[in-house]
Amino acid sequence: MSREDLSDTLRILVATDCHLGYMEKDEIRRHDSFKAFDEICSIAEEKQVDFLLLGGDLFHENKPSRTTLVKAIEILRRHCLNDKPVQFQVVSDQTVNFQNAFGHVNYEDPHFNVGLPVFSIHGNHDDPAGVDNLSAIDILSACNLVNYFGKMVLGGSGVGQISLYPILMKKGSTTVALYGLGNIRDERLNRMFQTPHAVQWMRPEVQEGCDVSDWFNILVLHQNRVKSNPKNAISEHFLPRFLDFIVWGHEHECLIDPQEVAGMGFHITQPGSSVATSLIDGESKPKHVLLLEIKGNQYRPTKIPLTSVRPFEYTEIVLKDEGDIDPNDQNSILEHLDKVVRDLIEKASKKAINKSDIKLPLVRIKVDYSGFMTINPQRFGQKYVGKVANPQDILIFSKASKKGRSDANIDDSERLRPEELNQQNIEALVAESNLKMEILPVNDLDVALHNFVNKDDKLAFYQCVQYNLQETRGKLGKDSDTQKFEEDDLILKVGECLEERLKDRSTRPSGSSQFLSTGLTSENSTKRSSGIANASFSDDDEDTTQIPATRGRRGASTGTTSRGRAKAPTRGRGRGKAASSAMKQTTLDSSLGFRPSQRSASASFKSSSIIEENDVDSPSSDEAEPEDFNQVDNSSEEDENTKGKGRKRPATTKRGRGNRGGSGASKRGRKNESSSSLHRLLSSKDDDEDEDDEDIEKKLNRSQPRVTRNYGALRR
């Protein structure tokens, strides 16, 4: 290329699904993911690309180990921090594009010399979780090593609403709009694309000398693409037609050559994973990364093979089709399988590009044993220790289905994601066991289980229970005859209350509440908060609300320990109140903490170069109306009312201490205590609504995030 061509050509290296930390406890394969990622960064330096674009699942675990984090930071620091000049500029509102405390692209930080910018979205393995909605990629973003974008806040009622703002880049005469969509649960995103106005696409504004059609539009997403159930995948036809190029993550099979989608006008590349995480046919194909060169509205793809990937050989055999095997002789089966394994090992050694560093190959044989006896795969693999990298699972036995082997081949794509196998939701377990839920709705429990297992959220069940207890108390507290309840009547009343709550949730308008493990509010669909985990969704979801903080259940503790042990309940109440106040304060601070940034982001966005696209040819936005970004400021009064819910409750006077005399007095004391404790348990807590306006003003006047400077031609 000539210098003039280089100055107008944006060069991007594209990779997805690096899965850093995969098999980190395996002595042979623990370094595979890091070697592949190091090679990807080396290729980016060698080809002198403008930036590296990652399509999700940079880490294999939601909470990667310290070893994995340290190695990832070392690789990025070694390749990304240098004195090479960055030849392109970001001209969009960066406080909207990068949702962190700094709000700008990493190479503009004066304290760092970033020569190779890295842009990444999150996948389903490293997606945000927890109260603060943080991902492992947020750690790299805080270290100024990665530009993390595509992090969505699922606001609105029902299925939710998202808005996609592009990162606008300019290099010479070439302008690129980079859209990012981090992983969202496939069933939910599928419904959102089919719901009008649920997915909003923002387009660059028309400027002097730069029309909307001059932008080259790229989308990076991380979702299921091939699935037998269409509701559990995203169809290419859901996407708007103005897009030019799509980078599809999550699918591990390498289909690097861009493929045109008929009738849509854009091309899709599927780079696949850089490390084999499933021993199936799709993963055995050679691994590549894509060099994408863009000039004007034209692009040129160049696939580059990865040489540091461990060789992987896969084959399938049908025993009944082999003529030299006796069905009743196990030794003949072993001899035939040994021959197949030796042939695959030899084939892998011949394919090795770097002869000086030959890795032990991965070998997988799928054996159809219909009509034959099986053998022990572990015992079979012992003779290949030191010859293959996976001696314990070389063989996998299967039987041909009744529908024929042609149908079985279709299902291979399902096994690309083994983490989805053998999972069952709470609803199915409850149905099997004929259980009747008394207080906790099945959907809430299902969400809590998902967050506890997949997000490692240790407070998921606790928050689910606390929220539903609070809702039940509120319902029962509205009954005028609360003090007349007997224990048996109360149990029946709780069951009826659950049915009423479920009916209310199904018919409640926007403004209703539903349990989420994050414990934060989501009142305005366009607010950029960080409190909602993407996976916390059930089919009955309405708006989310703040989970009430725990309050000490003094009535219950005194009722059970009134026979002379007065110190124990006192200590219990003290700890309960301390924990309660700490938890309430943390939740309140979290909810107050992101409000200023939302308001400033909304205000700064009014002067940005992005407008909402109303005529995008997409099912979700055919009838889209312009979105009023002032609604964030207009709803400040509602926000203050909501924040008042988390105030620490004033201490109440202690009762029932004097009834320690005779037996009759003690019995009356216990009865009075039980009724009063029941009354306190069921009484509504409306006296927390008094809020000090001055405290709110202090919290709202926290330091605002830095607004990026004006970049000139494409900014007003």
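Residues numbered from 1 in each chain as written. Predicted model: local features only at pLDDT ≥ 70, side-chain atom pairs only at ≥ 80, totals over all residues. Heavy atoms only, no water.

1. Description of the environment of leucine 10
Following the sequence through the fold, leucine 10 ends up in strand β1 (residues 10-15). Given a relative accessible area of 2%, leucine 10 falls into the buried group. Sequence separation between leucine 10 and valine 176 is 166 residues, and the spatial gap between their C-alpha atoms is 8.5 Å. Sequence-distant contacts of leucine 10, that is, excluding residues within four places in its chain, are made with Asp50, Phe51, Phe88, Lys171, Val176, Leu292, Glu293 and Ile294. (Helix = DSSP H or I, 4+ residues; strand = E, 2+ residues; numbered from the N terminus. Buried < 20%, exposed > 50% of the residue type's maximum accessible area, 1.4 Å probe, protein only. Contact = heavy atoms within 4.5 Å.)

2. Considerations on the sheet that holds strand β18 (residues 395-398)
Across the sheet, three strands lie side by side as β16-β17-β18; this open sheet has parallel pairing. The open sheet has two edge strands, β16 (312-318) and β18, and neither has a second partner. Strand after strand, the sheet turns through a mean of 15 degrees between neighbouring axes, direction not considered. (Pairing = 2+ DSSP bridges. Axes fitted to C-alpha atoms, helices over the stretch in contact; angles between N-to-C directions.)

3. A look at the UniProt feature "active site" (unreviewed entry) in the protein chain
Mapped onto the present numbering, the UniProt feature "active site" (unreviewed entry) falls at His125. Relative to the assigned elements, histidine 125 resides in the loop between β4 (118-120) and α5 (136-142). For histidine 125, the side chain forms a polar contact with the main-chain oxygen of histidine 60, separated by 2.7 Å. (UniProt positions renumbered as here; feature names shortened; annotations may be inferred. Polar contact = N/O pair within 3.5 Å; in protein donor to acceptor, adjacent residues only side chain to side chain.)

4. Focus on the packing of helix α11 (residues 442-454) against helix α12 (residues 460-477)
In the contact formed by α11 and α12, the axes pass within 8 Å of each other and the chain directions differ by 160 degrees. With respect to each other, α11 and α12 are oriented roughly antiparallel. The two elements α11 and α12 meet at a crossing, and its hand is right-handed. Every residue of α12 that contacts α11 at Asp444, Leu445, Ala448, Leu449, Asn451 and Phe452 is listed here: Ala460, Phe461, Cys464, Tyr467 and Asn468. Here the residues of the contact of α11 with α12 sort into eight nonpolar, two polar and one charged. (Parallel < 35°, antiparallel > 145°, perpendicular 65-115°, else oblique. Left-handed = near helix turned anticlockwise from the far one by under 90°. Nonpolar A, V, L, I, M, F, W, Y, C, P; charged D, E, K, R; others polar.)

5. Structural notes on unusual backbone geometry
Phi is positive for histidine 19, close to 50 degrees, though the residue is something other than glycine. Among the structural elements, histidine 19 can be located in the loop between β1 and α2 (32-46). Overall, the relative accessible area of 1% leaves histidine 19 in the buried class. Unlike most non-glycine residues, histidine 197 shows phi in positive territory, near 70 degrees. Mapped onto the elements, histidine 197 comes out in the loop between α6 (186-193) and β9 (199-204). On the basis of relative accessibility, which here comes to 28%, the residue histidine 197 falls in the partly exposed class.

6. Some words on the pairing of β16
Summarising burial for β16: five of the seven residues are buried, a large majority. With seven bridges connecting them, β16 and strand β17 (residues 362-368) associate as parallel partners. Within β17, the residue paired with glutamate 313 across the bridge is valine 363.

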